[in-house]
2 protein chains.
Amino acid sequence: MKEVKVGIIGFGTVGAGVAENILKNSEVVAKRTGVKLVLTRIADLDITTDRGVAVPRELLTTDAAVAIRESDIVVELVGGTTIAKKFILEAISAGKHVVTANKALLALHGKEIFDAAEKAGVDVCYEASVAGGIPIIKALREGLVSNRISRIYGIMNGTCNYILTRMENEGADFHTVLADAQKLGYAEANPSLDIDGFDTAHKTSILASLAFGRWFGMDPVFVEGIRDLALDDLRYADELGYRIKLLAIIKSNNGKVQMRVHPTLIPKSTLLANISDVFNGVMVEGDAVGQTLFYGRGAGRSATASAVVADITDVALNIAAGSVRRIPAFRPGEQFEQVAAIDDISSRYYLRFMVKDCPGVLASITQILADRGISISSLIQHERYGADGAVPLVILTHKANEREVRNALGEIDTLSINQSPVKLMRIEDI
Amino acid sequence: MKEVKVGIIGFGTVGAGVAENILKNSEVVAKRTGVKLVLTRIADLDITTDRGVAVPRELLTTDAAVAIRESDIVVELVGGTTIAKKFILEAISAGKHVVTANKALLALHGKEIFDAAEKAGVDVCYEASVAGGIPIIKALREGLVSNRISRIYGIMNGTCNYILTRMENEGADFHTVLADAQKLGYAEANPSLDIDGFDTAHKTSILASLAFGRWFGMDPVFVEGIRDLALDDLRYADELGYRIKLLAIIKSNNGKVQMRVHPTLIPKSTLLANISDVFNGVMVEGDAVGQTLFYGRGAGRSATASAVVADITDVALNIAAGSVRRIPAFRPGEQFEQVAAIDDISSRYYLRFMVKDCPGVLASITQILADRGISISSLIQHERYGADGAVPLVILTHKANEREVRNALGEIDTLSINQSPVKLMRIEDI
């Protein structure tokens, strides 16, 4: 049986999971594929901390170059965009295949890495970089290869989804739940990458690039996180039949691609709205297949390892079959050169005003919206007062242009009837 | 660019969808993969009926042998288990690769076909045979390759799911909805294959075989359909927090594999319970990835074509890369020789009695259950009478052995308090 040597760089949570998976399940993988994965080296600066996996002592090294030299496939699980990039490029130039889960690195420097891999004639795989254990990259590139993709929606950050689920279920505010999530290990000490939407944005860029055949990078991705989400907004959304999720939205419209990440109202009856806690879900719509949804754990030691080892096996099968780069790391395809600016999108909107309780306020606001062709689909005004005597007024609009909506809000602002900034969120009816 | 010749045998609904997909999207596929699919021949006995796709007249032939001779990849979309098998074996022995959507044929004669393919050194792919457009076979074999599979649940028959969804939403009975579904083209004139569960059973056998490395065939699959499902049972289930789905259940327990298809109560809050209408969903649980779910259209012209063309592309990539049989049609693996008989399973049960309204009835039934160690988790008895004065009594049990439950029901039957046969359904808490 063909044996393929696997070296891991980075013995953290995921690295330990990958080592464990190979030690525990490589026999099953061998029976299923005819290829035997052999763990040859694990490199990390810290090789003394117990990672909860019984790895033979002699496999551990502090020298990444050793792991690269002694392997056919190098698994980069260091994270970050500096040293990880260096290791990957070193592995590639040594003629080694690379498997990585590093979404930030790929979103930012994918092109450079893929060009190097093409030159060296090696495979680079990154299933675990998007939505953890869900085989979404394989589904998009292979299972749905014959589809023109029209839309992708993704709930792709477990930390945010966990926080939003708890806010909704417990009626607790953002900062309370975040603090608790940090205590439980569901959120980092510095949570910005997750809660400000950047992690989701990295994944969005990767999926959009695969769907539309151009490596977009991060510039075209519009990002808003969940840090400013008020519990009241979750309550109003609920009252109107919606749940709020940090949603990645990728759409192709008239030859322009939209890529955006922001808190989004989605109807409670949809499957996406029912993806809770740390789970991820990605909805892909193609012209042939219609709507599909892929659901599972988007992070964590063993779920991420599942995707990493699937990639390792894919490369191992290529090595065994002599078909390296059968599906290259990235192949430019449809080449959408046009990216839609956020101002140009058309969407439904959730607008929450905190207004002075005096005559004519509602008339003024609705008139300004009407003047700009922004049509109201529903409205809530309760007899509920903020601390400053402000009354919440929630308006859901029909589809409107973002620029028009922002201009309308600017105009409303000049009336001095808002007691605090208007909360704007977008709605997707899916 | 490498061109690969594709011949279709069977120009029905799916055949037309595949032809349309190749004509419409092969350019996108070429950009994405570097391989160009070229439709060379479409064979059918009827080549005059308009299939709603503009195929050059000279591609059509009534001779399947011509389609086989002039293609690299032969797509079998005839259906059935006789002539389809003949065409496939002829194609294989002519050294052609085969793509099929024929679940019945594979479930029954898969081994013979795969053996022939191995001998001839060709690929046989069948993504479209299970859950239509959902790339579940690829997910199971490649994306989740490093997982030991513990459970698979599938809603895999669109006709049944459509009927159950309408019964539930409209309070209409089975036969009314079936008749309407037939009128709308969602059910066949002879609906037995769908509503009696055999179609789902074929798919169950295929998924179980892939998960556990032994081609099981149909014998070990326990099947009950939805023909006898009373609207009242949907209502009682709803009252108790459950929805009824025709569920495929594949489980590995103590080295024994269960394969069963039957109407099943599942909690309304689960994603599976919320898969409605003609949609399919497959939940796969692995030791590394945890729970995953794959959702989409399980049938229909263009969704099925999406899966068929994905297979064609996979084979075309193998041809281009010189890696035919990189992943063979089937590779025996873990070899679970043990299949659990239905009598040996342990499950929760829904039992609906129609009993005489006289003293001691409830005491007698519950005593017999208790004597056999069958514990009751909930119970409904309403003041509602059948035409014959019978009172419905619904009992949900905790986990119990099927044989014990059947024995208990046999014993209860001797009491002559049942006005009609007890309705037994199984519950999965997922």
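Calculation criteria
Residues numbered from 1 in each chain as written. Chains lettered and ligands numbered in written order. Predicted model: local features only at pLDDT ≥ 70, side-chain atom pairs only at ≥ 80, totals over all residues. Heavy atoms only, no water. UniProt positions renumbered as here; feature names shortened; annotations may be inferred. Helix = DSSP H or I, 4+ residues; strand = E, 2+ residues; numbered from the N terminus. Rg over C-alpha atoms; globule rule 2.2 N^0.38 Å. Buried < 20%, exposed > 50% of the residue type's maximum accessible area, 1.4 Å probe, protein only. Contact = heavy atoms within 4.5 Å. Areas by Shrake-Rupley, 256 points an atom, 1.4 Å probe, with all protein chains shown as cover. Lys, Arg positive; Asp, Glu negative; His and termini not counted. Charge placed at Lys NZ, Arg CZ, Asp CG, Glu CD. Buried area = accessible area lost by both parts, 1.4 Å probe. Salt bridge = Lys/Arg side-chain N within 4 Å of Asp/Glu carboxyl O. Polar contact = N/O pair within 3.5 Å; in protein donor to acceptor, adjacent residues only side chain to side chain. Core = buried A, V, L, I, M, F, W, Y, C linked by side-chain atoms within 4.5 Å. Least-squares fit on C-alpha atoms with pLDDT ≥ 70 in both. Domains from an automatic or database assignment.

For chain A, the name recorded in an unreviewed UniProt entry is Homoserine dehydrogenase, with Victivallis lenta as its organism. You can read under Catalytic activity (unreviewed entry) in the UniProt record for chain A the words "L-homoserine + NADP(+) = L-aspartate 4-semialdehyde + NADPH + H(+)". According to its UniProt record, chain A has this under Sequence similarities (unreviewed entry): "Belongs to the homoserine dehydrogenase family."

Peer 1: For the overall build of chain A, give the residues involved together with the corresponding values.
Peer 2: When its secondary structure is counted, chain A shows 13 helices and 17 strands. Computed over the C-alpha atoms, the radius of gyration of chain A is 24 Å, within 12% of the 22 Å expected from 2.2 N^0.38 for a compact globule of 430 residues. The principal-axis extents of the C-alpha atoms in chain A amount to approximately 80 × 45 × 35 Å. A burial count over chain A gives 60% of its 430 residues as buried. Considering only intrachain contacts with a sequence separation of at least 6, the fraction spanning at least 24 residues in chain A is 73%. Only carbon and sulfur atoms are counted for the fraction: they give 48% of the accessible area of chain A, which is about 15600 Å². Positive and negative charge centroids in chain A, built from 47 and 52 side chains respectively, lie 5 Å apart.

Peer 1: Outline the environment of A187 of chain B, supporting the account with residue identities and numerical values.
Peer 2: Residue and element names in this part refer to chain B. Structurally, A187 is set in the loop between α7 (174–184) and α8 (192–195). Under the relative-accessibility criterion, A187 is labelled buried at 9%. Expressed as a C-alpha distance, the spacing of A187 and T159, which sit 28 residues apart in the sequence, is 5.8 Å. Excluding anything up to four places from it in sequence, A187 contacts T159, L178, A181 and Q182.

Peer 1: Run through the interface of chain A and chain B, naming residues and quoting values.
Peer 2: Between chain A and chain B, the residue contacts involve 54 residues of the former and 54 residues of the latter. Buried surface at the junction of chain A and chain B, both sides included, amounts to about 4800 Å², of which 53% is carbon and sulfur. When the area that chain A buries against chain B is broken down by residue, the three leading residues are R32, L271 and R326 of chain A, summing to 16%. Counting every contact that joins chain A to chain B gives 6 salt bridges. The partner of D314 of chain B in a salt bridge is R326 of chain A, and the shortest N-O contact between them spans 3.0 Å. Our count for the contact surface shared by chain A and chain B stands at 36 residue pairs in polar contact (both at pLDDT 80 or more). Elements represented by at least two residues in the side of chain A that touches chain B include exactly α1 (13–33), α5 (136–143), β12 (290–297) and α11 (301–321) of chain A. Considering every element that reaches the side of chain A that touches chain B, the biggest residue donor is α11 of chain A, with 10 residues.

Peer 1: Any chance you could break down the nonpolar core for me, citing the residues and the numbers?
Peer 2: Grouped together as the largest cluster of nonpolar side chains are 164 residues, with contacts concentrated most on Y126, I136 and I163 of chain A together with Y126 and I136 of chain B. Dropping the residues within four chain positions of it, I163 of chain A is found in contact with F174, V177, L178, A181, I195 and I226 of chain A.

Peer 1: How would you sum up the relation of the copies chain A and chain B? Please name residues and give values.
Peer 2: There are two copies of the chain, and a rotation about an axis plus a shift along that axis relates them. Overlay of chain A on chain B (RMSD 0.0 Å): rotation 180 degrees, translation along the axis 0.0 Å. One copy is carried onto the other by what is essentially a two-fold rotation axis. Across chain A, the smallest distance between a C-alpha and the rotation axis is recorded for F294 of chain A, namely 2.4 Å. In this assembly the copies share their binding face: 100% of the residues contributing to the interface of chain A also contribute to that of chain B.

Peer 1: Would you mind going over the UniProt feature "binding site: L-homoserine" (unreviewed entry) in chain A in detail, with residue names and values included?
Peer 2: All names here are of chain A. Residues given the UniProt feature "binding site: L-homoserine" (unreviewed entry) here are E188. The topology assignment puts E188 in the loop between α7 (174–184) and α8 (192–195). Judged by relative accessible area, which is 52%, E188 ranks as exposed. Sequence-distant contacts of E188, that is, excluding residues within four places in its chain, are made with Q182 and D194.

Peer 1: Tell me about unusual backbone geometry, and name the residues and values.
Peer 2: Positive phi outside glycine occurs at N254 of chain A, with the angle close to 50 degrees. Phi at S416 of chain B is positive, roughly 55 degrees, even though this residue is not glycine. For S416 of chain B, the position within the fold is in the loop between α13 (402–413) and β18 (418–427).

Peer 1: An account of the domain arrangement of chain A is requested, with residue identities and associated values reported.
Peer 2: Taken as a whole, chain A is organised into domain 1 (2–133 + 301–321), domain 2 (141–297) and domain 3 (344–427). Each of domain 1 of chain A and domain 3 of chain A has a C-alpha centre, and the two are 51 Å apart.

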